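Reading the structure
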Amino acid sequence: MTLRRGQVGDGAALARVHQAAFDHPWSEGDFSAHLTSDLVWVIGQPISGFLLIRAIGDEAEILTLAVDPAARRNGYASSLLAASKQELAGLGVMRLILEVAADNLPAVSLYEREGFLPFGVRKAYYRRDTGPNMDAQLFSCALPAAH
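Predicted, not measured: the structure shown is a model, and the values here were computed from it.

A word on the overall build of the protein. A tally of helices and strands in the protein yields four helices and seven strands. Overall, the protein shows an N-to-C arrangement of helices and strands of β-α-α-β-β-β-α-β-α-β-β. By its C-alpha atoms, the protein is 50 × 35 × 30 Å across when sized along the principal axes. Across the 147 residues that make up the protein, the buried fraction comes to 43%.

Right, let's get into the environment of Ala 77. Its location among the elements puts Ala 77 in helix α3 (residues 76-90). Given the relative accessible area of 17%, Ala 77 is considered buried. Distance in space between the C-alpha atoms of Ala 77 and Leu 65 is 7.7 Å, their sequence separation being twelve residues. Excluding anything up to four places from it in sequence, Ala 77 contacts Leu 65, Val 67 and Leu 110.

On to the sheet that holds strand β6 (residues 117-126). Taken in spatial order, the seven strands line up as β1-β2-β3-β4-β5-β7-β6 in an open sheet, and their pairing is mixed. With partners counted over all chains shown, the strands left at the sheet margins are β1 (4-5) and β6, one partner each. For strand β3 (residues 49-56) and strand β4 (residues 59-67), the ladder comprises eight bridges, and the chain directions are antiparallel. Paired with Leu 51 across the bridge in β4 is Leu 65. Against the sheet, helix α1 (residues 11-21) touches β2 (40-45), β3 and β4, its axis set at about 70° to β4. Those strands touched by α3 are β2, β3, β4, β5 (95-101) and β7 (134-142), and its axis lies near 25° from that of β3.

Thresholds applied
- Residues numbered from 1 in each chain as written.
- Predicted model: local features only at pLDDT ≥ 70, side-chain atom pairs only at ≥ 80, totals over all residues.
- Heavy atoms only, no water.
- Helix = DSSP H or I, 4+ residues; strand = E, 2+ residues; numbered from the N terminus.
- Buried < 20%, exposed > 50% of the residue type's maximum accessible area, 1.4 Å probe, protein only.
- Contact = heavy atoms within 4.5 Å.
- Pairing = 2+ DSSP bridges.
- Axes fitted to C-alpha atoms, helices over the stretch in contact; angles between N-to-C directions.

And the structure:
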């Protein structure tokens, strides 16, 4: 897997996977808006799963990670994270950050297994259709220095 610049034309395919993966998915327009930036990168396949990343200087943020439910439980998300870390380190990125709903226990577990450490909370960040809003847990991972 290689990191590549996102293109506005990717929006529809990314939105389809995102819709299958999330209860509150991003729209094609949401993706297209992000993909106009030369700071945004994509890794993965818009058919089975992908990471959307914004890299600025020596820091990058995972904007979203989506894996089609049919492709889950086979290590694809871990492969996406590992490949992105390697590729980003090659670009001089030293720190990768993300946020995840605190009640998304499979995702929290994945990030912890992949070496991400919690560093903060955004209170009541995620809106819920029923019940109170959910906190966002912030995670960070140091990347190895590029050689």
